[in-house]
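# Structure at a glance
Given next are the chains, with one letter for each unit.
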Amino acid sequence: METRSLCPVCLRVIPARYEQRGHEIFFNKRCPEHGFFETVFWRDAAMFFKWQKQAVHALKNAGLPYGQAECPFNCGLCGEHEGKICTAVMEITYRCNLRCAVCFADTEKSSFDPSIEQIEAMYRTALRYGGVCSIQLSGGEPTLREDLPSIITLGKEMGFRHIQVNTNGLRLASEPEYALRLAEAGADLVYLQFDGVDDVIYKKIRGRRLLAEKCAAIEHCGRANLGVLLVPTVMPGLNLAHLGEIIEFAKKHMPVVKGVHFQPVSYFGRFPGNAPRNEHRCSLCDIIHALEEQTNGEITEAHLVPRKRFSPHCSFSALYYLPPQGRLQSVTHAERNAFLDERTDFPQKANAFTNKYWRMSLSQQEQNGRSAMQEFRARLRTHTLAISGMGFQDVWNIDIGRLQGCCVSVISANAKAIPLCAFHLTSASGTRLYRNDQRP
Ligand SMILES: [Zn+2]
């Protein structure tokens, strides 16, 4: 499979290809000046090809206010782009209260915060390119801004229905009423960095113990009725062998915890420069295999739906129902929606659904008939767990074709929407493809 990529040294566009060797898929490319580069891409060739077949290409975004194409140097978005924005990330501060070994945002260099007028302009840019998409307020650490609640309220007033706060949870932990303030301002979800259930992991990746604070943050969100998505950054040799424990933790903290979103480590931002070794690489398929093994098949590849647009290797998602017995049952979104829809023929749907997902618990209560069904339906509303993963591209494995299907954009203060992987991309020596234009 041929595509185009960037030279990790000079960032020029060069031809690249996916190549199968044994059970693995490699991504390689050659720069006329800087030579040959290769990285492992996917460690399960069968899954790679199976997912590849599900790719769907959309029409290019003709008619939208996109700039001239020169991918990936003229993002904004450009006429080459075919992914519609599903999530717009807005960096509202560059300050942070942690010094992590791995970080997307290069937060050390600036303490500049965009003004509220700039943030309003960023919301308008998100509307222009993505319509009423999901907004993620990010940073730096967004809770360091005292006006975060008014920023959330502003977004809600401008029509955004889903606003999530990407946080390390330290402030949510130390100020029990803070979660309530965010919830009252209109926040829909806390996107909580959560790398594992062992402080050894936090010390390595975040520089200090954090588990107690993560637990306190979740407890305070629960009291404020504010949902939490756990977001582990997954690294081989660090927490790849402990993903099952994260799933168990998530189950124990439902219904506050709404899901787990796994992100394989990428090599940009503040990560030291040289080509990462293949044993330090982790792809979505490694995460899926780890989940299968570590949950004894409670989660399997068969439950997971790859993203369909352009490259299915960017992300997957699945939805589960947790019955009272405590073992996750796979549910598709369509089934869940049909079941919760008030207009559908309730008893008939319920029977079909419970036969599939709830047989054991129903038997204890089947004499109660409809009331048992109602109880089940109420539990289905609260006890579903979304499990998903998204792999970001770095300069070693960036596929420009795949970038053009990207649906997660960072909104810059100069009215541009830049695909997240392009926005954070750095060369081997740390040169950014995109300067963050909000900095003075
Ligand atoms: Zn080069």
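Below or above, wherever it landed, is the structure these notes cover. (Residues numbered from 1 in each chain as written. Predicted model: local features only at pLDDT ≥ 70, side-chain atom pairs only at ≥ 80, totals over all residues. Heavy atoms only, no water.)

### Details of the overall build of the protein chain
What counts, and what does not: Segments assigned H or I by DSSP are reported as helices when at least four residues long, segments assigned E as strands when at least two residues long, and all are numbered from the N terminus. For each residue, the accessible area found with a 1.4 Å probe, counting protein chains only, is set against the maximum for its type, and the residue is called buried under 20%, exposed over 50%, and partly exposed in between. Contact criterion: two residues are considered in contact whenever any of their non-hydrogen atoms come within 4.5 Å of each other. Where accessible areas are quoted, they stem from the Shrake-Rupley method and a 1.4 Å probe; at the residue level, only the protein chains shown are allowed to cover.
Secondary structure summary: the protein chain contains 15 helices and 17 strands in total. The buried share of the protein chain, reckoned over its 440 residues, is 56%. Summarising the internal contacts of the protein chain: among those between residues at least 6 apart in sequence, 69% fall at separations of at least 24. A total accessible area of about 18,400 Å² is found for the protein chain, and carbon and sulfur atoms account for 51% of it.

### What to know about helix α6 (residues 199-206)
Because the α-helix completes a turn every 3.6 residues, residues three or four places apart line up on one side. Rules: The arc under discussion is defined with respect to the helix axis, by the directions toward the C-beta atoms. Each polar contact in these results corresponds to two N or O atoms within 3.5 Å; when the atoms are within protein, one needs to be able to donate a hydrogen and the other to accept it, and residues that are neighboring in sequence are counted only if both atoms are side-chain atoms.
Taken as a whole, α6 has its buried residues at D199, I201, Y202, I205 and R206. Each buried residue of α6 lies within a common arc of 145 degrees when the element is viewed along its axis, so the set occupies one face. In this structure, α6 carries V200 and K204 as exposed residues pointing more than 90 degrees from its buried face. Buried-residue contacts for α6 involve α7 (211-223) and β10 (233-234). The N-cap of α6, judged by a side-chain oxygen 2.9 Å from the amide nitrogen of V200 a few residues on, is D198. Note on α6: the residue one or two positions beyond its end, G207, has a positive phi of about 85 degrees.

### Re helix α5 (residues 178-185)
Among the residues making up α5, those that are buried are Y178, A179, L182 and A185. Buried residues of α5 fall within an arc of 130 degrees about the axis and therefore sit on the same side. Of the surrounding secondary structure, the elements contacted by the buried residues of α5 are α3 (148-157), α4 (170-174) and α7. G186 occupies a position one or two residues after α5 and carries a positive phi of about 120 degrees.

### Considerations on the packing of aromatic side chains
Going by this rule: For Phe, Tyr and Trp, rings pair up if their centres lie within 6.5 Å, where Trp contributes its six-membered ring, and each pair is then called stacked (planes under 30 degrees apart), edge-to-face (over 60) or tilted (otherwise).
Summed over the entire model, instances satisfying the criterion amount to twelve aromatic pairs. Residues F194 and F249 carry aromatic rings whose centres are separated by 4.7 Å and whose planes lie at 35 degrees to one another, so their mutual orientation is tilted. Within this pair, whereas F194 is found in the loop between β8 (189-193) and α6, its partner F249 is found in helix α8 (residues 243-252), the two being separated by 55 residues in sequence. F249 shares its class with F194; the two are buried.

### Brief notes about the pairing of strand β7 (residues 163-167)
The line we're drawing: Call a crossover right-handed when, viewed with both strands pointing away from you, the route from the first strand across the helix to the second goes clockwise. Should DSSP find at least two bridges between two strands, the strands are regarded as paired.
A large share of β7 lies buried, amounting to five of its five residues. Burial along β7 is two-sided: I163, V165 and T167 facing one way and Q164 and N166 facing the other are all buried. In this region the chain leaves strand β6 (residues 134-138), passes through α3 and returns to the parallel neighbour β7; the handedness of that crossover is right-handed. Here β7 pairs with β8 via four bridges, running parallel. Considered in β8, the bridge of T167 is made with L192.

### Remarks on the sheet that holds strand β1 (residues 2-6)
The strands making up a sheet associate through hydrogen bonds between their backbones, and the pairing can be parallel or antiparallel. The line we're drawing: For helices, the axis comes from a line fit to the C-alpha atoms of the stretch in contact; other axes are also lines fit to C-alpha atoms, and the angle between any two N-to-C directions lies between 0 and 180 degrees.
As summarised here, the arrangement of the four strands in space is β1-β2-β3-β4, forming an open sheet in which the pairing is antiparallel. Lying at the two open borders of the sheet, with one neighbouring strand each, are β1 and β4 (35-42). Between one strand and the next, the sheet's axes are offset by a mean angle of 35 degrees, whatever the strand orientation. Note that strand β2 (residues 13-21) and strand β3 (residues 24-31) share six bridges and pair antiparallel. Across the sheet, E19 pairs through a bridge with F26, a residue of β3.

### So, the packing of helix α2 (residues 116-130) against α3
Quick reminder of the rule: Helix crossings get a hand from a simple test, with the near helix turned counterclockwise from the far one by less than a right angle marking a left-handed crossing and a clockwise turn marking a right-handed one. Residues are grouped as follows: nonpolar covers Ala, Val, Leu, Ile, Met, Phe, Trp, Tyr, Cys and Pro; charged covers Asp, Glu, Lys and Arg; every other residue, Gly included, is treated as polar.
α3 packs onto α2 with a crossing angle of 35 degrees between their chain directions and a minimal axis gap of 10 Å. Handedness of the crossing formed by α2 with α3: right-handed. Counted together, I116, I119, E120 and Y123 of α2 and I151, I152, L154 and G155 of α3 form the full contact between these two elements. Of the residues belonging to the contact of α2 with α3, the class tally is six nonpolar, one polar and one charged.

### Digging into the pattern of salt bridges
Note the following rule: The rule for a salt bridge is simple: a side-chain nitrogen of Lys or Arg has to be within 4 Å of a carboxyl oxygen of Asp or Glu.
Considering all chains together, one arrives at 21 salt bridges under this definition. Between R17 and E19 there is a salt bridge; the shortest N-O distance is 2.6 Å. Judged by its relative accessible area of 23%, E19 falls in the partly exposed class. A salt bridge links R43 to D286, with the shortest nitrogen-to-oxygen separation between them at 2.7 Å. Note that R43 is positioned in the loop between β4 and α1 (45-52) and D286 in helix α9 (residues 284-294), a separation of 243 residues in sequence. On the basis of relative accessible area, R43 is assigned to the partly exposed category, the value being 27%. Under the relative-accessibility criterion, D286 is labelled buried at 11%. Counted as one network, the salt bridges with shared partners bring together E2, R17, E19, R21 and E38.

### Some remarks on the environment of P114
Among the structural elements, P114 can be located in the loop between β5 (87-91) and α2. In this structure, the C-alpha to C-alpha distance between P114 and A413, residues 299 residues apart in sequence, is 7.8 Å.

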